[in-house]
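Structural characterization, general
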Amino acid sequence: MWNRLSRLQRTIICAILVVGAMSGLYIANGLVNELPDDKDTLSQQHQVFPNENVVHVMDQRHPDKDTEGHQRLDSDDDKDKEDKRLHFEQQERHERRKGNVEREEKAQIKPKIADAVRQPEVKGQKESIVGNQEEDEGIGAAGGELEVNEEKKTDVQVPDGADAGADVKVPVPDMGDSMGSQTAQQKAVVEAFKHAWKGYKQYAWGHDELKPISKAASDWFGLGLTIVDSLDTMWIMGLMEEFEEARRWVEKDLVLKKNVDVNLFETTIRVLGGLLSAFHLSNDQIFLEKARELGDRLMPCFNSPSKIPFSDVNLESGKAHPPRWGPDSTTSEVTSIQLEFRELSHQTGNDKYKKAVDEVMEHIQSLPKDNGLIPIFVNARSGQFRAGATITVGARGDSYYEYLLKQWLQTGKSEDKLRDEYVTAIDGMQKNLVKSTAANGLKFIGELVRGTFSPKMDHLVCFLPGTLALGHHNGLDASHLDLSKELAKTCYRMYADMPTGLSPEIAYFNIKDPGKPDIEVKSADTHNLLRPETVESLFYLYRLTGDKQYRDWGWKIFQAFEKYTKVPSGGYSSIGSVKDTKNPRFRDKMESFFLGETLKYLFLLFSDDPNLLPLDKYVFNTEAHPLPIWRP
């Protein structure tokens, strides 16, 4: 048929076809331009506008975001609407941000934090936040630990916050040049923290602690211990997205009026201390408000017949009582709450908190002691030490000595009686508790059990080298620094002499036979709980002496944690045997202090910046929460 057409007809038909084709291409091109580009959309969602004075953190609206950081939508139409909304919100934030730059420059945010916010997540690590389901926690009056199985836990969702999508800008206090570039070792510690946080967030969100092997949660008090204990660690490391996520949980889900018995000491050092430190670092009033409420709920502990507080209290009823296991309070517990309650008074202007804990110290100071050393039990009803109780710088005695020095420092060295008590106690240790091993002369701190010396030393004692070094730095005798270095060497040997490179919970020292090893570990004491005390002391000694040996020791300890305690699915676990490299036996527990103390001190140890939390401006509580030193 085509051949039968005239040349003119064929020309007209071809022209029509060409015009039609061109029109179709034009229309198609216009439609394509209307479609969102996935790559551009993703970059819009993650964009952090460059301003070295502002931290711009995108709110996590949905708990089940995929690893690319955006929510998968159910339809193309919804996706198009969401892309346009995000683009509009991003432009609106940018304009608002530009208008606030002059005001925000006062915050003096360093570029380091913004860089940390921009760090991409590792692909393949899908997040699943588990919310706090208070009504199902099942915590009785005794406050026992509760296991939360995975099936029940994964049904819980974190509710959207009222501030969803809000632009978060956080002021930073003067911490010197703390936001400078991180060393390679610091970056490794940050990655370890993120791995621990990933496991907690996915399997235990809102609960006290993670059980990393069973991928479940456990509750001691039901106060989100891991979250609150980690707040200042995240701030110091520059993990601002994680910090804001935790901050929202504290504001919306940290319920303090609940029918649960809590331990005064543990709640004070972990939760009250964590809230006060977070308040000081961020200047966010929500932390101070929660700290004030918690302080009030703990105050009934001080309503005892003596000046010694009861060990436990119900946060709802206010009923306080001695521990379930006996009539006495632990001496170190009632004398290691002072930094926190005094700081609460300092920040709120209400002296009742300081007065309560000062009366405790005054009463303890009035009791008879053995060369400044104290028994580990004291009765809240009689106010007297338990006769014949063990004297130790380990469990139940340790932080009494630590807080003597640190209370003196907290007040700008204005309460010399506290310093004098500390000096007397250190003299008593050197006379009665310091011994050396028969083989290699390792110095250690033993115990007095009913007046008889025992060559037993808890890993907890390894806080002492750091405290001694801090005291010497503040003008105390040179013998304190000498003892500090000797004890730090021994504490490191407790790690290095074990096959895994990790320390046992308790060690016994050979003081009789030169032909036998210095350190003996009994079968019941071979576990490691991810404790911080040794790396705490290494931090102080490196910061105050500059000797890189302490940093090298800390790196070896960190590598051992990585090798033997890291759980691939997220988190780290305490282990049952530091002697067994083939089967260290996971105990399925990640203590909150691993994130709150151990990783924080390692991060500080590996810092090249001496002004990162300078020790003339900050004093760390016994849970590693930095609190400001007051100026007289």
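What you see is a predicted model, and the numbers here were worked out from it, not measured in a lab.

A count of helical and extended segments in the protein chain gives 21 helices and 17 strands. Across the 632 residues that make up the protein chain, the buried fraction comes to 57%. Once local pairs closer than 6 in sequence are excluded, the contacts in the protein chain between residues at least 24 apart make up 72%. A total accessible area of about 26,700 Å² is found for the protein chain, and carbon and sulfur atoms account for 49% of it.

Attention now moves to unusual backbone geometry. Residues other than glycine predominantly adopt negative phi, and peptide bonds predominantly adopt the trans conformation. At K215, a residue that is not glycine, the phi angle is positive and equals roughly 55 degrees. Note that K215 resides in the loop between β2 (209-211) and β3 (216-219). Within the chain, K413 stands out as a residue other than glycine whose phi angle is a positive 60 degrees. Mapped onto the elements, K413 comes out in the loop between α15 (398-410) and α16 (416-432).

Moving on: the sheet that holds strand β14 (residues 506-509). With antiparallel pairing, the three strands of this open sheet are ordered in space as β13-β14-β15. In the strand order of this sheet, the two ends are held by β13 (456-458) and β15 (519-520), each with one partner. Looking at chain direction, β14 and β15 are connected through two bridges and run antiparallel. By the bridge assignment for β15, F509 is matched with I519.

What follows covers the packing of aromatic side chains. Going through the model one piece at a time under the given rule, you end up with 23 aromatic pairs. Between F561 and F594 the ring centres are 5.9 Å apart and the planes differ by 70 degrees, which places this aromatic pair in the edge-to-face class. Of this pair, F561 sits in helix α20 (residues 548-564) while F594 sits in helix α21 (residues 592-605), and the two are 33 residues apart along the sequence. Accessibility classification places F561 together with F594 in one group, the buried group.

So, on to the environment of P300. Take P300: it is sitting in the loop between α11 (285-298) and β5 (312-314). The class of P300 is buried, set by a relative accessible area of 18%. For the pair P300 and D312, spaced 12 residues apart in the sequence, the C-alpha separation amounts to 9.3 Å. Aside from chain neighbours lying at most four places away, what touches P300 is V313, G318 and A320.

By the alternation rule, side chains of β14 split into I506 and Y508 and A507 and F509, which are all buried. Of the pairings in the sheet, the one linking β13 to β14 comprises three bridges and is antiparallel in character. Residue pairing for β14: M457 is matched across the bridge by A507.

This part covers the pattern of salt bridges. Inspection of the entire model under this criterion finds 26 salt bridges. With its nearest N and O atoms 2.6 Å apart, the salt bridge here joins K354 to D358. Taken together, the residues K354 and D358, both in helix α14 (residues 352-366) and four residues apart, mark about one turn of the helix. Taking the shortest distance from any N to any O, the salt bridge between D608 and R551 comes out at 3.1 Å.

Turning our attention to the packing of α15 against helix α17 (residues 464-473). Close contact between α15 and α17 brings their axes to 10 Å; oriented N to C, the two are set at 35 degrees. Regarding α15 and α17, the two cross each other, and that crossing is left-handed. On α17, the residues that touch E402, L405, K406 and L409 of α15 are T467, L470 and G471. Here the residues of the contact of α15 with α17 are counted per class, giving three nonpolar, two polar and two charged.

Per the UniProt record, the feature "active site" (unreviewed entry) sits at E266, D398, E505 and E533. Here the residues from the annotation list that line the second largest pocket are E266, D398 and E533. Looking at the secondary structure, you find D398 in helix α15. Not counting the four nearest positions on each side in its chain, D398 is found in contact with S332, T392, V393, L460 and F463. Classification of E533 by relative accessible area gives buried; the value is 8%.

For an α-helix, the turn length of 3.6 residues means that residues three or four places apart are oriented alike. Taking 1.5 Å per residue, 19 residues should reach 27 Å; helix α10 (residues 264-282) reaches 25 Å between its end C-alpha atoms and fits that length. Of all the bends in α10, the greatest, near 30 degrees, is centred on G273. With 18 of 19 residues buried, α10 lies mostly within the body of the structure. Count one or two residues on from α10 and you reach N283, which has phi positive near 60 degrees.

A few words now on the layout of surface pockets. In this structure, the second largest pocket occupies an estimated 930 Å³ of space. Considering the residues around the second largest pocket, the lining is formed by 39 residues, among which W220, F265, E266, R270 and E333 are closest to the centre. Secondary structure elements with two or more residues in the lining of the second largest pocket: β4 (261-263), α10, β7 (328-330), α12 (331-334), α15, α19 (533-545) and α21. It is α10 that contributes the most residues to the lining of the second largest pocket, four residues altogether. For the lining of the second largest pocket, a count of residues per class yields 13 nonpolar, nine polar and 17 charged.

Now for the pairing of β3. Neither face of β3 is open: one carries A216 and S218, the other A217 and D219, and all of them are buried. Here β2 pairs with β3 via three bridges, running antiparallel. Bridge pairing in β3 places K211 opposite A216.

Looking now at the state of the cysteines. Considering all chains together, one arrives at one disulfide under this definition. Note that C462 is cross-linked by a disulfide to C491, the S-S spacing being 2.1 Å. Across the S-S bond of C462 and C491 the torsion is about -100 degrees, and the bridge reads as left-handed. One end of the pair, C462, is in the loop between β13 and α17; the other, C491, is in helix α18 (residues 478-496), with 29 residues separating them in the sequence. Assessed through its relative accessible area of 0%, C462 is described here as buried. Residue class for C491 comes out buried when judged on its relative accessible area of 2%.

Negative charge collects at one region of the surface, where D427, D477, D482 and E486 lie side by side. Relative to the helices and strands, D427 resides in helix α16. For D427, a relative accessible area of 32% gives the class partly exposed.

Cut-offs and rules
- Residues numbered from 1 in each chain as written.
- Predicted model: local features only at pLDDT ≥ 70, side-chain atom pairs only at ≥ 80, totals over all residues.
- Heavy atoms only, no water.
- Helix = DSSP H or I, 4+ residues; strand = E, 2+ residues; numbered from the N terminus.
- Buried < 20%, exposed > 50% of the residue type's maximum accessible area, 1.4 Å probe, protein only.
- Contact = heavy atoms within 4.5 Å.
- Areas by Shrake-Rupley, 256 points an atom, 1.4 Å probe, with all protein chains shown as cover.
- Pairing = 2+ DSSP bridges.
- Phe/Tyr/Trp six-rings, centres within 6.5 Å; stacked < 30°, edge-to-face > 60°.
- Salt bridge = Lys/Arg side-chain N within 4 Å of Asp/Glu carboxyl O.
- Axes fitted to C-alpha atoms, helices over the stretch in contact; angles between N-to-C directions.
- Left-handed = near helix turned anticlockwise from the far one by under 90°.
- Nonpolar A, V, L, I, M, F, W, Y, C, P; charged D, E, K, R; others polar.
- UniProt positions renumbered as here; feature names shortened; annotations may be inferred.
- 1 Å grid on protein atoms, 1.4 Å probe; cavity = no way out; pocket = protein on both sides within 12 Å on 5 of 7 lines; lining within 4 Å.
- Expected span 1.5 Å × (residues − 1).
- Bend = angle between axes of the 7 residues up to and from the residue.
- Points joined across faces, edges and corners; volume = space filled by probe spheres on them.
- Disulfide = S-S within 2.5 Å.
- Patch = residues over 30% accessible without salt bridge, like charges linked within 9 Å, V, L, I, M, F, W, Y side chains within 5 Å.
- Lys, Arg positive; Asp, Glu negative; His and termini not counted.
- Charge placed at Lys NZ, Arg CZ, Asp CG, Glu CD.

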